[in-house]
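# Secondary and tertiary structure notes
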Amino acid sequence: MVDRFQKCIDLITIEYTAGDYFREVYQAKKDYFENLGVISEDDSDYENQMDVFMGWYLFDRPLEKHDLPPVFLYYRKNAANFSPEEEALFKALTLTKHSVFELLKQKDTSLVVRDLSNKEKYDVKDLEFRAGFSKGDVFEARLIPEGKAYVF
């Protein structure tokens, strides 16, 4: 399922980082890294920082002409043409939960995390990342709803 979400995110990225949006993503990157500090492409954390930037740009930063982040605008503009499966995937991207979480428990098929901002608990089925976590770990993540559970 994560791969299908990634394909959706890739489509949104392509649409909202080129053409009419090239200048906007350029300015957003400039603004983002001015606040963070300049990071060199040779820096070992460069790829991670670019991933964080793209998450912020696509999910959180409203586009100047539309007052909506790219994920929401893409969904609004294209929802009428989505197949039922596409509708579910793109809608889920508009319902993400981005916060700082604490790992409470590792189950056989999921992780239980708590949002530190509101104390809500979430069941995360994304076992691909399981090996890197220990009970009590605190981390920033974006959870995407998938049925009654979530994925990173």
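The structure under discussion appears in the preceding block.
From a predicted model like this one, the values you see are computed outputs, not experimental measurements.

Attention now moves to a positive patch on the surface. Positive charge collects at one region of the surface, where K105, K107, K121 and K135 lie side by side. You can see K105 is positioned in strand β1 (residues 97-106).

A few words on the layout of surface pockets. Each pocket or cavity is described by its volume, and for the largest pocket that value is around 910 Å³. As for the largest pocket, its lining consists of 27 residues, and the residues nearest its centre are D51, V52, G55, R142 and F152. Among the elements that take part in the lining of the largest pocket, helix α3 (residues 46-60) stands out by supplying 9 residues, more than any other. Of the residues in the lining of the largest pocket, the class split is 14 nonpolar, 5 polar and 8 charged. Roughly 170 Å³ of volume is contained in the second largest pocket.

Now for the nonpolar core. By size, the foremost hydrophobic cluster in this structure holds 31 residues, and its most contacted members are I12, Y16, F53, Y57, L58, F90 and L93. Contributions of two or more residues to this core are made by α1 (2-16), α2 (22-36), α3, α4 (70-78) and α5 (84-93). Tallying contributions element by element places α3 first for this core, with 7 residues. Ignoring anything within four residues of it in the chain, the contact list for L93 reads F5, C8, I9, I12, F59, V71 and I144. The next biggest cluster of nonpolar side chains, apart from the first, holds 12 residues, and it includes F101, L103, L111 and V113.

Looking at the element boundaries, D126 is found in the loop between β3 (121-124) and β4 (138-146). Separated by 22 residues in sequence, D126 and L104 place their C-alpha atoms 15 Å apart. If we ignore the near neighbours within four places in the chain, the residues touching D126 are V2, Y150, V151 and F152.

As a further point, take the packing of α4 against α5. Helix packing for two helices is described by the angle between their axes and how far apart those axes are. Two elements in contact, α4 and α5, have axes whose closest approach is 9 Å; the angle formed by their N-to-C orientations is 150°. In this view, α4 runs roughly antiparallel relative to α5, as classed from their interaxial angle. Helix-helix and strand crossings are classified by hand; for α4 and α5 the assignment is left-handed. In this structure, α4 contributes V71, Y74 and Y75 to the contact, and α5 contributes E87, F90, K91 and L93. The class makeup of the residues in the contact of α4 with α5 is 5 nonpolar, no polar and 2 charged.

This brings us to unusual backbone geometry. Phi is positive for D67, close to 55°, though the residue is something other than glycine. With respect to the secondary-structure elements, D67 resides in the loop between α3 and α4. Overall, D67 belongs to the exposed group, its relative accessible area being 61%. We note that K119 has phi near 70°; this positive angle belongs to a residue other than glycine. Inspection of the secondary structure puts K119 in the loop between β2 (111-115) and β3.

Before going further, it helps to spend a moment on the side chain of D115. Considering the arrangement of structural elements, one finds D115 in strand β2. For the buried D115, no salt bridge exists, and the shortest N-O distance to an oppositely charged side chain is 7.2 Å, to K97. Within the structure, D115 has its side chain in polar contact with the side chain of S99 (distance 2.7 Å).

Basis of the calculations
- Residues numbered from 1 in each chain as written.
- Predicted model: local features only at pLDDT ≥ 70, side-chain atom pairs only at ≥ 80, totals over all residues.
- Heavy atoms only, no water.
- Patch = residues over 30% accessible without salt bridge, like charges linked within 9 Å, V, L, I, M, F, W, Y side chains within 5 Å.
- Areas by Shrake-Rupley, 256 points an atom, 1.4 Å probe, with all protein chains shown as cover.
- Salt bridge = Lys/Arg side-chain N within 4 Å of Asp/Glu carboxyl O.
- Lys, Arg positive; Asp, Glu negative; His and termini not counted.
- Charge placed at Lys NZ, Arg CZ, Asp CG, Glu CD.
- Helix = DSSP H or I, 4+ residues; strand = E, 2+ residues; numbered from the N terminus.
- 1 Å grid on protein atoms, 1.4 Å probe; cavity = no way out; pocket = protein on both sides within 12 Å on 5 of 7 lines; lining within 4 Å.
- Points joined across faces, edges and corners; volume = space filled by probe spheres on them.
- Nonpolar A, V, L, I, M, F, W, Y, C, P; charged D, E, K, R; others polar.
- Core = buried A, V, L, I, M, F, W, Y, C linked by side-chain atoms within 4.5 Å.
- Buried < 20%, exposed > 50% of the residue type's maximum accessible area, 1.4 Å probe, protein only.
- Contact = heavy atoms within 4.5 Å.
- Axes fitted to C-alpha atoms, helices over the stretch in contact; angles between N-to-C directions.
- Parallel < 35°, antiparallel > 145°, perpendicular 65-115°, else oblique.
- Left-handed = near helix turned anticlockwise from the far one by under 90°.
- Polar contact = N/O pair within 3.5 Å; in protein donor to acceptor, adjacent residues only side chain to side chain.

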